[in-house]
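# Fold and geometry: a report
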Amino acid sequence: MSASGTALPTADGKAARSGVAATARGGWWGFLGAAVSAVFGYVLVTLVTRALGAHGSGAVFTGVAVFTILSNTCKLGADTGLVRFVSRDVATGGGRQVGALVRTAVVPGAAVSTGAAALLFLSPSTATSLLPNLAPQDAVTLVRLFALFLPLATVTLILLGATQGYGTVLPLVGVEQIGKPVLRVLIAVPVALLAPGVLSLAAAWLVPSLAGVLVAWHALRRCRRTGVRRPPGPDTATTRHGFWAFSVPRAISSVFDISAVWVGVVLLSCLATSEEAGIYTAVGRVVIAATLLQLAIRLAVAPEISRLLAVGDIPQARHLYRVSTRWIVLFSWPLLVLLTSFPGTVLSLFGPEFEQGAAALVVLCVASAVNVGVGNAQTVLLMAGKSSWHLAVTGVAFAVQLTVGFLAVPRLGVLGAALSWAAATIVENLVSAALVRRHPGFTIIDHGYLLATAAGLCLTVPLVLPARLLAGDTAIGLAVAITMGFCVFGISLWRFSAPLGVRELVGVLRERTT
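Residues numbered from 1 in each chain as written. Predicted model: local features only at pLDDT ≥ 70, side-chain atom pairs only at ≥ 80, totals over all residues. Heavy atoms only, no water.

## A word on the packing of aromatic side chains
Per the counting criterion, the structure on display carries eight aromatic pairs. Each residue in the set Phe85, Phe243, Trp244 and Phe246 is aromatic and connected to the rest through ring pairs, giving one cluster. A cation over a ring is seen here: Arg144 above Phe121, with NZ or CZ 4.9 Å from the ring centre. Sitting above the plane of the Trp205 ring, Arg184 keeps its charged end 3.9 Å from the centroid. (Phe/Tyr/Trp six-rings, centres within 6.5 Å; stacked < 30°, edge-to-face > 60°. Lys NZ or Arg CZ within 6 Å of the ring centre and 35° of its normal.)

In structure tokens form, the structure reads like this:
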């Protein structure tokens with residue numbers, strides 16, 4: 001397809017459609033999983049915050065933040081490495097090296113996560129430093145509880161990366177976005193009613209990790225049985241060297257990526273109060289939910305772009321990047337406009353005390369609009385093998401976040417944490433977009449992108465703004481804005497369905513899976 005949205009010649013068009021179809025279907029499952037994760041994550045945050053208040057919930061989510069950062073650190077970038085290398089091996093070698101790649105990835109990740117868990121378990125001072133507002137014994141017990149489950153979570157993420165390399169997002173969606181969030185709520189409901197407490201609700205969050213690693217292992221075995229067509233290859237030094245040459249920079253950048261989401265919680269817990277950490281967690285949950293479509297498309301588009309680049313089909317990879325970005329912009333910006341206009345109403349669902357995070361939500365929505373606007377530029381960098389470039393970008397962004405955070409959090413609390421995350425998000429995405437444009441020449445600005453911007457932003461703001469000014473930040477104002485905004489939005493989707501890529505999206509979703 002050309003920049004204006006016209007069809008490519010038949011052969012190229014067929015290849016493009018194959019990649020778009022795989023991305024659309026994978027994106028659909030990813031969107032469904034992300035929606036379930038967002039809903040049940042929202043329910044879980046509400047359960048915990050209402051059962052424990054801002055103070056107790058802040059302690060639980062500080063533990064979750066540390067656990068999430070460590071599990072994503074200990075996987076050493078191996079999950080992204082497997083997405084890239086497994087997809088390339090399946091496309092060019094029939095999957096001969098998959099077994100060697102999985103062994104190369106899992107063993108170091110399991111060893112490092114076990115060592116990190118041991119250090120946490122044997123270091124009470126770390127627990128009391130992270131949770132200064134909690135009783136020392138409770139803080140130590142809480143951190144040790146999270147440490148016990150750290151290796152399981154790490155290995156699960158690595159195995160799921162391998163399944164993604166086969167071009168399927170179903171195992172990842174089933175485990176991380178549906179299975180764990182649903183089980184956490186099902187366990188937390190009786191716990192919150194019968195035995196609410198920091199330790200019991202933290203355990204409710206952790207226990208589903210046991211099932212997650214078993215399902216991930218089974219899913220990978222099934223992918224290998226159905227996907228391998230040639231005899232397995234040897235576990236060579238060349239395989240290991242190439243894998244870790246890519247994955248080591250990604251290991252460090254993944255720490256920056258996940259820390260960007262959670263470091264605000266840790267800073268607030270250490271430099272401010274647990275109450276503010278709880279409020280910031282709720283704000284972050286809303287922002288992540290607003291960008292769930294981008295996450296869904298990222299899961300599906302990564303192996304497809306890797307496959308296309310592996311076989312040298314750069315024009316179709318560029319087309320896939322453009323059309324997927326168009327979908328993200330089209331459906332994400334209207335939601336961000338609504339959240340920016342009615343932040344207090346949205347946050348009040350967590351409880352009255354959470355409304356003080358309204359300004360922070362506005363700041364993060366503005367930054368998220370920039371994130372959404374450049375599409376999955378960082379994914380393109382990684383799948384093109386530029387993990388060292390990605391490391392440099394995320395390192396600079398994280399340095400910006402820490403600098404702003406240490407300066408702003410003690411003075412501004414939740415708003416300061418939001419400003420630090422927003423600054424990092426803007427820097428990271430603008431630099432990534434510039435690098436992707438230069439190499440390998442991926443661009444997003446075309447006729448379809450401009451139409452998506454007009455439909456997603458320029459038509460939504462003039463309709464939402466009057467409702468906000470007349471009714472205020474209230475439930476009635478939000479309801480009116482949703483009704484007016486999405487009526488016009490729906491008309492624009494119908495009128496410009498072809499250049500927006502909506503007709504293409506709907507068409508492939510109607511087809512049977514290939």
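Next, the rest of the story.
## Description of the packing of helix α14 (residues 358-373) against helix α17 (residues 414-438)
For any two helices packed against each other, the geometry comes down to the angle between their axes and how far apart the axes lie. For the pair α14 and α17, interaxial distance at closest approach is 9 Å and the crossing angle is 5°. Comparing the axis directions of α14 and α17 gives the class roughly parallel. Counted together, Ala359, Ala360, Val363, Leu364, Ala367, Val370 and Asn371 of α14 and Val414, Leu415, Ala418, Leu419, Trp421, Ala422, Thr425, Ile426, Asn429 and Leu430 of α17 form the full contact between these two elements. A per-class count over the contact of α14 with α17 returns 14 nonpolar, three polar and no charged. (Axes fitted to C-alpha atoms, helices over the stretch in contact; angles between N-to-C directions. Helix = DSSP H or I, 4+ residues; strand = E, 2+ residues; numbered from the N terminus. Parallel < 35°, antiparallel > 145°, perpendicular 65-115°, else oblique. Contact = heavy atoms within 4.5 Å. Nonpolar A, V, L, I, M, F, W, Y, C, P; charged D, E, K, R; others polar.)

## Here we look at the confidence of the model for the chain
Mean pLDDT over the chain: 79, with 84% of residues reaching 70 or higher. When mean pLDDT is compared element by element in the chain, α14 scores highest at 91, while helix α22 (residues 502-510) scores lowest at 51. Segment residues 1-16: pLDDT under 50, and 20 contacts once partners within four positions in sequence are set aside and those in other chains are kept. The model gives residues 507-514 a pLDDT under 50, and that stretch makes 13 contacts with residues more than four places away or in other chains. (pLDDT = per-residue confidence, 0-100.)

## Comments concerning the layout of surface pockets
Put simply, the second largest pocket is a space of about 440 Å³. If you go around the second largest pocket, you meet 19 residues; those closest to its centre are Val286, Ala289, Ala290, Leu335 and Leu339. In terms of residue class, the lining of the second largest pocket is made up of 18 nonpolar, one polar and no charged. (1 Å grid on protein atoms, 1.4 Å probe; cavity = no way out; pocket = protein on both sides within 12 Å on 5 of 7 lines; lining within 4 Å. Points joined across faces, edges and corners; volume = space filled by probe spheres on them.)

## A short note on empty space enclosed by the protein
A full pass over the atoms with the stated rule returns three cavities of 30 Å³ or more. Approximately 60 Å³ is the volume found for the second largest cavity. The wall of the second largest cavity is formed by Thr62, Gly63, Val66, Leu120, Leu130, Leu131, Val143 and Phe146. If you list the elements that add at least two residues to the lining of the second largest cavity, you get α1 (10-74) and α5 (136-165). Of all the elements, α1 adds the most residues to the lining of the second largest cavity, at three residues. Residues that form the lining of the second largest cavity fall into these classes: six nonpolar, two polar and no charged.

## Focus: the nonpolar core
Of all hydrophobic cores here, the largest spans 130 residues; its most connected members are Phe67, Leu82, Leu131, Phe146, Phe243 and Tyr280. Per-element accounting of this core gives the leading share, 14 residues, to α5. The residues contacting Leu131, other than those within four sequence positions of it, are Ala59, Thr62, Ala139, Leu142, Val143 and Ser269. Of all hydrophobic cores here, the second largest spans seven residues; its members include Phe342, Val464, Leu478 and Ala481. (Core = buried A, V, L, I, M, F, W, Y, C linked by side-chain atoms within 4.5 Å. Buried < 20%, exposed > 50% of the residue type's maximum accessible area, 1.4 Å probe, protein only.)

## Topic: the pattern of salt bridges
A side chain of one charge can pair with a side chain of the opposite charge if their charged atoms are brought near each other. Inspection of every chain in the model, using the stated rule, returns three salt bridges. Between Lys180 and Glu176 there is a salt bridge; the shortest N-O distance is 3.0 Å. One end of the pair, Lys180, and the other, Glu176, are both in helix α6 (residues 170-194), four residues apart, so they sit about a helical turn from each other. Residue classification places Lys180 among the buried residues on the basis of a relative accessible area of 5%. Here Arg250 makes a salt bridge to Asp257, at a shortest N to O gap of 2.8 Å. (Salt bridge = Lys/Arg side-chain N within 4 Å of Asp/Glu carboxyl O.)

## Re the side chain of Thr80
The residue Thr80 is located in helix α2 (residues 78-93) in this model. A polar contact is formed between the side chain of Thr80 and the side chain of Arg250, at a distance of 3.2 Å. (Polar contact = N/O pair within 3.5 Å; in protein donor to acceptor, adjacent residues only side chain to side chain.)

## A look at unusual backbone geometry
Positioned with a positive phi, Leu76 is a non-glycine residue whose angle comes to about 60°. Checked against the element boundaries, Leu76 lands in the loop between α1 and α2.

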